Amino acid sequence: MNLTPQRGGVVILLSFLLAFILTVMPLPEWVRFYRPQWSTLVLIYWTLASPQRVGVGIGWATGIVIDVITGTLLGQHALAMSLIAFIAQKMHQRLRLFPLWQQSLTVLVLLLIEKLLSLWVMGALSQHVPSLTFWIPPIVGMLLWPWIFIILRDLRRKFQVS
Amino acid sequence: MVVDHRQNHLEGIRSILAVALSPLNVIINLPRSTGEWISETFATRSMLQQQNQALKKENLLLQVRQQKLDSLRSENMRLRNLLDSAVKIKDRVLIAEVIAVDLDPYRHQVLINKGSSSGIFIGQPALDASAVMGQVTHVNPFSSTVLLITDASHGLPVQVNRNGVRTVALGTGQIDRLELPHLPNNADIEVGDLLVTSGLGGRFPPGYPVAEVTSVTRNPGQPFASILAQPKAKLDQARETLLVWTLDSIQGYEPPDDATKAPENNAEEPQP
């Protein structure tokens, strides 16, 4: 239990909002398939940084929001993201100690799990099986992870989010 | 949760959430709408004059065509009366704008800015200026989602305009391609044929143009010819879409027997 007053909820909320906006921001046709899973990346960061505040519940809510704004099946992303939040929360102590490149590799695995679960749901609904470009976003996400980590860490320190 | 959604119990929850999240759409649409506002505000006089002239010319042309259409329509009605068949020509349409929001890249969907508050319903056909675009799949109070005809899960009953051969146009997941499966090798269909809606599904009003056949491959070893068509609607560039209510809807329309000839399709235009 942490007895210190919780601060900076607004910062967490704003970072998620920004992630949602980036998720549905219109992009040129050729970059659309490279769009990383912004909200998953933000979710992973906050679960690592303050696991006592952001966890499975928030992950589920984030997933529902993504489902609504991108028009996928309600629950498709929610399932995947609550699982990711769970894994990240379980491993947060270990993950925090990793050097950045090793963290990126772990993040890649987490992002791939999200895509895999999405694919599974799509398969269960007998939707069209997407092409191999479906697997590009986790790799882009992995490459972006160090920057996202540093930016969000600086933000967290500046606003002293605990 | 998945099962629940398949039975559409969660449609209400989805629309509530969508309303709560609609400010997000406004924010995302902001760059484009301000850009448009700026270009409209600072349009020069000569540009406006040019535009005005062009529109006047187009209007004249359309009026001439409309005259011809009026006479054709009355002729068509007369002939239909002679044949004792159903007359269904009047449609009501509503113009909705496409919101610049990227949805799931693996599904062909667009978000439009009209919803159940404007009377939009699930399954309503959406057209653009030239052809059929798709149908409404989710309705929220102030916005709705349109599934395009090229989505891999979409099928649309069509017929060839030239001779009335009926088939189904399936989406392929590629924005410029439809597939016509299960047509035998000797079916009378050629490259360049116009496909129009046949109205058989009961969802789309009959007679709207859909696509043009681009390739017909007849392989004697295969039971069916492989036929591809290109949608006439500008699915990836449309800014506006027309939503159609068929006034004299399905009850006046009797699906023809499979043995009888399909009804000749009639020139039919949306009435604002």
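Before reading further, recall that the structure is shown in the block above.
This report concerns the structure included in the present document.

Quick look at the packing of helix α6 (residues 100-124) of chain A against helix α7 (residues 136-159) of chain A now. Residue and element names in this part refer to chain A. Interhelical geometry of α6 versus α7 gives an angle of 135° and a closest axis separation of 8 Å. With respect to α7, the element α6 is oriented oblique. Two packed elements cross with a definite hand, and for α6 against α7 that hand is right-handed. Two secondary-structure elements touch here, α6 through Leu100, Gln103, Ser104, Leu105, Val107, Leu108, Leu111, Leu112 and Lys115 and α7 through Pro137, Pro138, Ile139, Gly141, Met142, Trp145, Pro146, Phe149 and Ile150. Taken together, the residues of the contact of α6 with α7 break down into 14 nonpolar, 3 polar and 1 charged.

Once that is clear, we can look at helix α1 (residues 9-24) of chain A. The first and last C-alpha atoms of α1 of chain A sit 23 Å apart over 16 residues, in line with the 22 Å expected at 1.5 Å per residue. Listed in full, the buried residues belonging to α1 of chain A are Val11, Ile12, Ser15, Phe16, Ala19, Phe20, Ile21, Thr23 and Val24 of chain A. On the buried face of α1 of chain A, the contacting elements are α2 (38-49), α3 (56-70) and α7 of chain A together with α3 (22-41) of chain B.

Below, the discussion takes up the interface of chain A and chain B. In this complex, chain A contributes 30 residues to the contact, which on the side of chain B involves 23 residues. The contact between chain A and chain B buries some 2500 Å² in all, and 69% of this surface belongs to carbon and sulfur atoms. Seen at the junction of chain A and chain B, the total is 0 salt bridges. Secondary structure elements with two or more residues in the side of chain A that touches chain B: α1 and α3 of chain A. No other element matches α3 of chain A, which puts 7 residues into the side of chain A that touches chain B.

Right, let's talk about empty space enclosed by the protein for a bit. If you walk through the whole model with that rule in mind, you get 3 cavities of 30 Å³ or more. Of the pockets and cavities examined, the largest cavity occupies roughly 370 Å³. Along its surface, the largest cavity is lined by 26 residues, and Gln37, His77 and Lys115 of chain A together with Asp104 and Pro105 of chain B are the ones closest to its centre. Contributing elements (two or more residues each) for the lining of the largest cavity: α2, α3, α4 (76-90) and α6 of chain A. It is α6 of chain A that contributes the most residues to the lining of the largest cavity, 4 residues altogether. The residue makeup of the lining of the largest cavity, split by class, is 11 nonpolar, 9 polar and 6 charged. In this model, the second largest cavity occupies a volume close to 150 Å³. Around the second largest cavity sit 14 residues that line it, and Val68 and Ile69 of chain A together with Ala18, Leu111 and Asn140 of chain B are the ones nearest its centre. Sorting the residues of the lining of the second largest cavity by element identifies α3 of chain A together with α2 (11-20) and α3 of chain B as the ones contributing at least two each. Of the residues contributing to the lining of the second largest cavity, the split by class is 6 nonpolar, 7 polar and 1 charged. Here the lining of the second largest cavity gathers at least three residues from each of two domains, domain 1 (1-89) and domain 2 (90-261) of chain B.

Cut-offs used in this document
- Residues numbered from 1 in each chain as written.
- Chains lettered and ligands numbered in written order.
- Predicted model: local features only at pLDDT ≥ 70, side-chain atom pairs only at ≥ 80, totals over all residues.
- Heavy atoms only, no water.
- Axes fitted to C-alpha atoms, helices over the stretch in contact; angles between N-to-C directions.
- Helix = DSSP H or I, 4+ residues; strand = E, 2+ residues; numbered from the N terminus.
- Parallel < 35°, antiparallel > 145°, perpendicular 65-115°, else oblique.
- Left-handed = near helix turned anticlockwise from the far one by under 90°.
- Contact = heavy atoms within 4.5 Å.
- Nonpolar A, V, L, I, M, F, W, Y, C, P; charged D, E, K, R; others polar.
- Expected span 1.5 Å × (residues − 1).
- Buried < 20%, exposed > 50% of the residue type's maximum accessible area, 1.4 Å probe, protein only.
- Buried area = accessible area lost by both parts, 1.4 Å probe.
- Salt bridge = Lys/Arg side-chain N within 4 Å of Asp/Glu carboxyl O.
- 1 Å grid on protein atoms, 1.4 Å probe; cavity = no way out; pocket = protein on both sides within 12 Å on 5 of 7 lines; lining within 4 Å.
- Points joined across faces, edges and corners; volume = space filled by probe spheres on them.
- Domains from an automatic or database assignment.

What is shown is where atoms sit, not what they do.
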